[in-house]
Amino acid sequence: MSTGLGRAATERDGFDWETLRAGLRLVALRRTRDEDAADEAAQEVLARTVALLREREITDKNEVARIAHGIARHVLADENRKWARFRKFLSVQDAAGPPRGAIDALAKLISQEERERLRRAWDKLSPGEREILRRTFFDQAAPGALARELHEPPERTRKRKSRALAHLREAFFGMREPSDLESGSGAAAPGHAPASTPIYDMSAISVRDVE
Amino acid sequence: MIASGACDEQLRSDTARAYVAGALSPDDESSFERHLLGCARCQDEVRFMSGVAALAGSRRRARPWIAGGILAAAAAVVIAAVGARDGAASQLARLGATAGPQPFAGMSIRAEVTPMDSLFELAMTAYARRDYPTAERLLREVVTRGSPEPPADFFLAASLLLQNRPAEAADGFTRVVQYGETPYLPEARFYLAKALLQLGARDAALHELRTLSVNGHELAAHAAALADSVEAIEAR
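Residues numbered from 1 in each chain as written. Chains lettered and ligands numbered in written order. Predicted model: local features only at pLDDT ≥ 70, side-chain atom pairs only at ≥ 80, totals over all residues. Heavy atoms only, no water.

Engineer: So what's going on with the confidence of the model for chain B? Residues and values would help.
Structural biologist: Residue and element names in this part refer to chain B. Per-residue confidence for chain B gives a mean pLDDT of 73, with 70% of residues at or over 70. Mean pLDDT per element in chain B: helix 4 (residues 69–86) is the minimum at 36, and helix 9 (residues 166–178) is the maximum at 90. In the predicted structure, residues 59–86 sits below a pLDDT of 50 and forms 42 contacts with residues beyond four places in sequence or in another chain. Segment residues 103–113 is flagged for pLDDT under 50; beyond a separation of four residues in sequence, or across chains, it makes 40 contacts in the model. Both scores are given for the predicted complex: the pTM is 0.51, the ipTM 0.71. (pLDDT = per-residue confidence, 0-100. Helix = DSSP H or I, 4+ residues; strand = E, 2+ residues; numbered from the N terminus. Contact = heavy atoms within 4.5 Å.)

Engineer: With reference to specific residues and values, describe the pattern of salt bridges.
Structural biologist: Taken as a whole and assessed by the stated rule, the structure comprises 25 salt bridges over all chains. Notably, a salt bridge pairs R140 of chain B with E136 of chain B, separated by 3.0 Å at the nearest N-O pair. With a gap of four residues between them, R140 of chain B and E136 of chain B both fall in helix 7 (residues 132–145), about one helical turn apart. On the basis of relative accessible area, R140 of chain B is assigned to the partly exposed category, the value being 34%. Salt-bridge contacts for R189 of chain B lead to E208 of chain B; the nearest nitrogen and oxygen are separated by 2.7 Å. Note that R189 of chain B is positioned in helix 10 (residues 185–198) and E208 of chain B in helix 11 (residues 202–213), a separation of 19 residues in sequence. Of the two residues examined, R189 of chain B and E208 of chain B, each falls in the buried class. A single salt-bridge network, built from bridges that share partners, covers E116, R119, R120 and D123 of chain A. (Salt bridge = Lys/Arg side-chain N within 4 Å of Asp/Glu carboxyl O. Buried < 20%, exposed > 50% of the residue type's maximum accessible area, 1.4 Å probe, protein only.)

Engineer: Run through the packing of helix 1 (residues 9–21) of chain B against helix 2 (residues 26–36) of chain B, naming residues and quoting values.
Structural biologist: Residue and element names in this part refer to chain B. Orientation of helix 1 relative to helix 2, taken along the N-to-C sense of each, is 115°, at an axis distance of 11 Å. Of the possible angle classes, the one that applies to helix 1 and helix 2 is roughly perpendicular. Considering the relative orientation of helix 1 and helix 2, their crossing is left-handed. The residues of helix 2 that touch helix 1, namely those facing T15, A16 and Y19, are E29, F32, E33 and L36. Among the residues making up the contact of helix 1 with helix 2, the classes are represented as four nonpolar, one polar and two charged. (Axes fitted to C-alpha atoms, helices over the stretch in contact; angles between N-to-C directions. Parallel < 35°, antiparallel > 145°, perpendicular 65-115°, else oblique. Left-handed = near helix turned anticlockwise from the far one by under 90°. Nonpolar A, V, L, I, M, F, W, Y, C, P; charged D, E, K, R; others polar.)

Engineer: Summarise the side chain of E29 of chain B; cite the residues concerned and give the values.
Structural biologist: Checked against the element boundaries, E29 of chain B lands in helix 2. E29 of chain B gets classed as buried once you look at its relative accessible area, which sits at 16%. A distance of 3.3 Å separates a polar atom in the side chain of E29 of chain B from a polar atom in the side chain of R30 of chain A. Non-local contacts of E29 of chain B, meaning those with residues more than four positions away in its chain, are made with R30 and R31 of chain A together with Y19 and L24 of chain B. (Polar contact = N/O pair within 3.5 Å; in protein donor to acceptor, adjacent residues only side chain to side chain.)

Structure representation (structure tokens):
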């Protein structure tokens, strides 16, 4: 999908619009669970953001993501209302468990090649490692509870989980290190040009059930 | 609580996993999304975590049917023991059993609002509370009085399957398959296979499962595993 901004606008504004577009699409896909709706929402948010930036003559690039996110919330709320009537009903199983619909929707952002690499790496994990990941990702088992179930020290469970994830991560990203995306030193994936990352303090985030 | 620090690897990993799982508080989710919009690395991590989560969930759901490895060996013992008493037909029927409503990701359908949509909503409300007779009655009205649509046909067939009426369900799922490429096609093939298994139509069920197992859809792993289990019954 084109942002409709054009290369000149991207260069003139000095902001990584492609990363913003990819991020908007990801956020929209998670909410709407529909690729067409996510594309439309991302495009609309981008257009409104650009218009607002020009109208207000905002020059602080770190404000762009904040503004875009604010607009996205409104657009996605409208989108959800508009589409609610036509949305298939989630099954009882889906509604009661982890957000499978959202997970499956986000998984659409993964290429077939990446999916295959991930699947092959998964099959190479030990049964114990796979079970730890299933319990962690699917059942949302907390690390402490998982260690008790496995009758092993939490540190050992944590290490096994980390090792399994590292193996999958290596397979998923292939030869390309994720850090290349920001440094621009490697071959960036489509839609992931080197980013001018807004300042962000992750210390403000708390995660439930995460060590 | 995540320790203080910048967007480093561990924080990115934990936060992305929590975001995918819906485990962040609304405020934290909002903060992370603002960051995500400008951070390609975190976007990649979310994609990665989504892939792992989908794989973990998919494999878990596929487990009861997995024909390879230890589970298959255990299943073979069970099948052998049961088989001596019940025969292949009942084993196939067991593989065709459905325990509950079909799990679906939300899928939106673009259309103008019509009176039939209200009826469809009522039907699906009944479906969601597992009142399948009511869902069936209302969905029949939608199908009869409205223009033919895959959603109504699909959930009508699903309601029939969940009422242990596999022959009627198979007819319904066949209609959905005949619509061609719709978002409902993979699931329709899968549950058509289930209905056919309940009817003892092994070869027809295998055809549906094998068709589904090679098309790369998320249900492919389930279909392949179920097909393996079906074939294992004959091989025994």
